[in-house]
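Observations on the three-dimensional arrangement
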Amino acid sequence: MRGMTTVEKILFQKTGQRVRPGDIVIAPVDGLMATDTTAPGAIRAFEKMGGRHVWAPERCAFVIDHAAPAPNERIANLHRFMREFARQQGIRLFEIGEGICHQVMVEQGYVRPGYLFTGADSHTPTYGALNAFACGVGSTDLAAVMLTGKIWLKTPATLRIRCHGQLRPEASAKDLILYLTGKVGISGATYMSVEFEGEAFETMSLASRLCVANMTAEMGAKTGFVHPRGLKLPYFFEPIEPDPDAEYVQTIEVDIGELPPQVAAPESPDNVYPIDRYIGTPVHYGFIGTCGNGRLEDLQVAARILRGKRLPKGVRLVVAPASRSVLLDAMLDGTAHALVEAGATLITPGCGPCVGSHEGVPADGETVISAANRNFRGRMGNPRAQIFLASPATVAASVLAGHITLPPPGDQ
Amino acid sequence: MSKVLRGHAHVYGDNIDTDRIIPGKYTKTLDAQSLAEHVLEDLDPEFRSRMRPGDFVVAGNNFGCGSSREQAPLALQTAGVSAVIARYFARIFFRNAINIGLPVLEIPEHDIAQGDELEADLADGKVYNHTTGKVYQAKPLPEVMLRILQAGGLVNYLREHKTF
Ligand code: SF4
């Protein structure tokens, strides 16, 4: 019998079935999460399903992160609706300012290696950095998990991406995943699981691994895994590795030793080019944050570039730490101070301007350089603004210059 | 389910993402009607005034990519769209649509044009283009999805069956 890919192994552990791509299974779930975009709909659907008590409240989490603090009464009331349901059901609710769902779930240990986790948010595959099978679902699917503790899944085929070589100091994990997203394309991994392997990942921090797994959502993938070799977590775990004779739909081999910094140009995260093509493009607004690049190492990189400098007139920078814990660390080590002193606006830990629900909407005709993961038209709340995606280092260097530019060497 | 849908086609291209179906700034609501008011507004500002209840949204590859917002199929459904036809769909959108009872038909090759008059038979997945006379066959749904769609969505399905 042929070997198993990571996703097949986890499904085997959960269901006892040897599955092949395309097989449909009903699997028990280890945990679930919903946000202020998706929880209200999930609660409604749960109630309409006749649900009274959620399956395993201790395995459920709600996070108020997408429009937090509430910008208007409508959203304030949705938040209250979530809080009330969470209190009645004994579900842990992470309040405004506690952070982005995907960062909080990792920090608080809601997701662990080997888990099958469902999140009502499309970037749920982020937890593939933790060796967990995590997939994004909509509100009604999530309600079904709240009710039954189970989900039906089609076993995904697996696309393997093998990277050869180490990244140059001026290229970061974000540059790598932007490049790979450009290569695979926005629908290149639709319905698939993506597995990343190669020496470059083995020395990557958890934050960088999360950034890589995060953008498998931009390839259309159902889930993604960064090979666990070298993964360090604050608790003991058994890594789940693919078998040597596992079957892949395709293996993409890439040399990454010469990879330059990348940008995704408007209006799609797979519209990716080496930064050269856009050097000199004026920018009005930089954003550092999100479940892709709002972690301590991202803020530190930006602070190293901006320390002791001032943003030029007419250019602004918004920084949203991925969690309260990231913010506290950034306050302790001087990172937050350096950013604010340089002229950055530090906002509530959470999604910030990423999805255009509240603060930080760009004006008509403005160009944004953002460390987020999506740049679809209208993404940040204004269809007449254009968004470039890049690494935190490129964002910091570009706002300082007033135009897209290479980060200084050695500053990733 | 012996449901036959009839309406005109509103045709769009590839990779229509959920931010274009319903921008994130409108999604924080439980009021489906308010979603419908903004459906597709950045992509096709005329859509709302042009479409008639029962019409089809027809697209190319990867319809519904991007966020997991169920508000996207809900906005289309509430606006009166009877079904979405695409060469293929992004996976979360596909699941969400079935879960709320919005039929989605995957037709890998089609040349349906703006305004074509369509008839879809959900029982056998056949789509008739009365403007051109062509007939297309949609890919069959997996058994579990078919049961959910037949129940009218996942809420009804679970209210009835309690579990999967
Ligand atoms: S930070 Fe952006 S991409 Fe991540 S969960 Fe929030 S809105 Fe979604």
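Definitions and limits used
Residues numbered from 1 in each chain as written. Chains lettered and ligands numbered in written order. Predicted model: local features only at pLDDT ≥ 70, side-chain atom pairs only at ≥ 80, totals over all residues. Heavy atoms only, no water. Phe/Tyr/Trp six-rings, centres within 6.5 Å; stacked < 30°, edge-to-face > 60°. Helix = DSSP H or I, 4+ residues; strand = E, 2+ residues; numbered from the N terminus. Lys NZ or Arg CZ within 6 Å of the ring centre and 35° of its normal. Buried < 20%, exposed > 50% of the residue type's maximum accessible area, 1.4 Å probe, protein only. Contact = heavy atoms within 4.5 Å. Pairing = 2+ DSSP bridges. Near = heavy atom within 4 Å. Nonpolar A, V, L, I, M, F, W, Y, C, P; charged D, E, K, R; others polar. Domains from an automatic or database assignment. Buried area = accessible area lost by both parts, 1.4 Å probe. Salt bridge = Lys/Arg side-chain N within 4 Å of Asp/Glu carboxyl O. Polar contact = N/O pair within 3.5 Å; in protein donor to acceptor, adjacent residues only side chain to side chain.

**Structural notes on the packing of aromatic side chains**
Within a pair of aromatic rings, the relevant descriptors are the distance that separates the centres and the angle that separates the planes. Tallying each qualifying case throughout the model produces 11 aromatic pairs over all chains. Ring centres 5.1 Å apart and planes at 85 degrees place the aromatic pair Phe63 of chain B and Phe93 of chain B in the edge-to-face group. Highlighted residues: Phe63 of chain B in the loop between β2 (56-58) and α4 (71-79) and Phe93 of chain B in helix α5 (residues 91-100), separated in sequence by 30 residues. The ring of Tyr235 of chain A has Arg112 of chain A lying over it, and the distance from NZ or CZ to the ring centre is 4.0 Å. Over the aromatic face of Tyr191 of chain A sits the side chain of Lys154 of chain A, whose NZ or CZ is 5.2 Å from the ring centroid.

**Description of unusual backbone geometry**
Between Ala68 of chain A and Pro69 of chain A the backbone carries a cis peptide bond, its omega angle lying at -5 degrees. Looking at the secondary structure, you find Pro69 of chain A in the loop between β3 (60-63) and α3 (73-89). Here Asn131 of chain A, not a glycine, exhibits a phi torsion of approximately 70 degrees, which is positive. When you line up the elements, Asn131 of chain A lands in the loop between β5 (116-120) and β6 (133-136). Asn131 of chain A gets classed as buried once you look at its relative accessible area, which sits at 1%. Phi at Asn62 of chain B is positive, roughly 60 degrees, even though this residue is not glycine. By the secondary structure assignment, Asn62 of chain B is in the loop between β2 and α4. By relative accessible area, which is 0% here, Asn62 of chain B ends up buried.

**Describing helix α2 (residues 39-48) of chain A**
Of all the residues in α2 of chain A, the buried ones are Ala39, Pro40, Ala42, Ile43, Ala45 and Phe46 of chain A. The secondary structure elements touched by the buried residues of α2 of chain A are β2 (31-35), β3, α3 and α5 (139-148) of chain A together with α7 (154-161) of chain B. After α2 of chain A finishes, the residue Gly50 of chain A shows a positive phi value of roughly 90 degrees.

**Points about the pairing of strand β6 (residues 126-129) of chain B**
All names here are of chain B. The alternating pattern of β6 places Val127 and Asn129 on a buried face, while none of Lys126 and Tyr128, on the opposite face, is buried. Looking at chain direction, strand β5 (residues 117-121) and β6 are connected through four bridges and run antiparallel. Each bridged residue has a counterpart across the sheet, and for Glu119 the counterpart in β6 is Tyr128. Counted between consecutive antiparallel strands, the loop separating β6 from strand β7 (residues 135-137) contains five residues, among which Gly133 sits at a positive phi close to 85 degrees.

**Thoughts on the site of the ligand**
Residues and elements named next belong to chain A. All residues in the neighbourhood of the ligand are listed as His66, Ile100, His102, Asp121, His123, Thr290, Cys291, Cys351, Cys354, Val355, Asn373 and Arg379. Taken together, the residues of the shell around the ligand sort by class into five nonpolar, five polar and two charged. Looking at which domains feed residues into the shell around the ligand, each of domain 1 (9-154) and domain 3 (263-401) supplies at least three.

**As for the interface of chain A and chain B**
Between chain A and chain B, the residue contacts involve 50 residues of the former and 39 residues of the latter. Between chain A and chain B, the buried area comes to about 3800 Å², and carbon and sulfur atoms account for 58% of it. Between chain A and chain B we count two salt bridges in total. Across the pair Asp19 of chain B and Arg379 of chain A runs a salt bridge whose closest N-O atoms are separated by 3.3 Å. Viewed at the interface, chain B and chain A are joined by 20 residue pairs in polar contact (both at pLDDT 80 or more). By residue number, the principal contributor to the side of chain A that touches chain B is α5 of chain A, which donates six residues.

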